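# A look at the structure
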Amino acid sequence: MPAKSKAQQKAAGAALSAKRGDTKKSALKGASRDMFQSMSEGELEDMASTQRKGKPEHSGD
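Criteria and cut-off values
- All residue numbers here refer to positions counted from 1 along the written sequence of the relevant chain.
- Per-residue local features are limited, in this predicted model, to residues with pLDDT of at least 70; the limit for side-chain atom pairs, both in listing and counting, is 80 or more; totals at the level of whole chains, interfaces and linings are taken over all residues.
- Only heavy atoms go into the side-chain values, all of them from the structure, while hydrogens and water stay out.
- Runs of H or I in DSSP of at least four residues are treated as helices and runs of E of at least two as strands, each being numbered from the N terminus.
- Every helix has an expected span of 1.5 Å times one less than the residues it contains.
- Between buried and exposed lies partly exposed: a residue is buried under 20% and exposed over 50% of the maximum accessible area for its type, with that area taken using a 1.4 Å probe on protein chains only.
- Note on definitions: a residue-residue contact is assigned when non-hydrogen atoms from the two residues lie within 4.5 Å.
- Note on definitions: angles span 0 to 180 degrees between N-to-C directions of axes, and those axes are lines fitted to C-alpha atoms, for helices only across the stretch in contact.
- Here a crossing is taken to be left-handed if its near helix is turned anticlockwise relative to the far helix by less than a right angle, and right-handed if that turn runs clockwise.
- Under the scheme applied, nonpolar residues are Ala, Val, Leu, Ile, Met, Phe, Trp, Tyr, Cys and Pro; charged residues are Asp, Glu, Lys and Arg; polar residues are all the others, including Gly.
- For this analysis, a nonpolar core means a set of buried residues of the types Ala, Val, Leu, Ile, Met, Phe, Trp, Tyr and Cys, connected via side-chain atoms within 4.5 Å.
- Polar contacts, as used here, are pairs of N or O atoms within 3.5 Å; protein pairs need one atom able to donate a hydrogen and one able to accept it. Residues neighboring in sequence count only if both atoms are side-chain atoms.

An unreviewed UniProt entry lists the chain under the name DUF3008 family protein, with Novosphingobium decolorationis as the source organism.

## Side note on helix H1 (residues 6-20)
Look at H1: 21 Å from first C-alpha to last across 15 residues, which is about the 21 Å you get at 1.5 Å a residue. Buried within H1 we find Gln9, Ala11, Ala12, Ala15, Leu16, Ser17 and Ala18. Where H1 is buried, its residues meet helix H2 (30-38) and helix H3 (41-48). One or two residues past the end of H1 sits Gly21, with phi positive at roughly 90°.

## Some remarks on the packing of H1 against H3
Two elements in contact, H1 and H3, have axes whose closest approach is 8 Å; the angle formed by their N-to-C orientations is 145°. Between H1 and H3 lies a crossing whose hand is left-handed. Here Gln8, Gln9, Ala12, Gly13, Ala15, Leu16, Lys19 and Arg20 of H1 lie close against H3, whose contacting residues are Glu41, Leu44, Glu45, Met47 and Ala48. Among the residues forming the contact of H1 with H3, the class breakdown is 6 nonpolar, 3 polar and 4 charged.

## Examining the nonpolar core
If you look at the biggest cluster of nonpolar residues, it comprises 13 residues, and the most contacted ones within it are Ala12, Ala15, Met35, Phe36, Met39, Leu44 and Met47. With 5 residues, the single largest contributor to this core is H1. If sequence neighbours within four positions are ignored, Phe36 has contacts with Ala15, Ala18, Lys19, Lys25 and Leu28.

## Brief notes about the side chain of Thr50
Summarising the element assignment, Thr50 is placed in the segment after H3. A distance of 3.0 Å separates a polar atom in the side chain of Thr50 from the backbone nitrogen of Ala3. One polar contact links the side chain of Thr50 to the main-chain carbonyl oxygen of Met47, over a distance of 3.0 Å. If we skip the residues at most four places from it in the chain, Thr50 touches Pro2, Ala3, Gln9 and Lys55.

## Quick notes on the environment of Arg20
Residue position: Arg20 is located in helix H1. Assessed through its relative accessible area of 43%, Arg20 is described here as partly exposed. As for Arg20 and Met47, which are separated by 27 residues in sequence, their C-alpha atoms are 15 Å apart. Among residues more than four places away in sequence, those in contact with Arg20 are Glu41 and Glu45. At 2.9 Å, the side chain of Arg20 forms a polar contact with the side chain of Glu45.

What follows is the structure in structure tokens.
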């Protein structure tokens with residue numbers, strides 16, 4: 001599932017970093033914390049690898 005906005009892609013990247021142990025889980029806030037808890041590493045990887053070019057900063061959803 002690709003990210004719909006730059007903010008969503010960045011949050012997925014932060015959650016993925018914590019899931020892999022590169023970042024402390026306690027450093028996560030908001031959407032990235034929710035993504036960490038509810039998504040698998042594979043799902044986060046798919047979302048984080050989305051190209052940012054042409055994406056809005058924030059999604060209207």
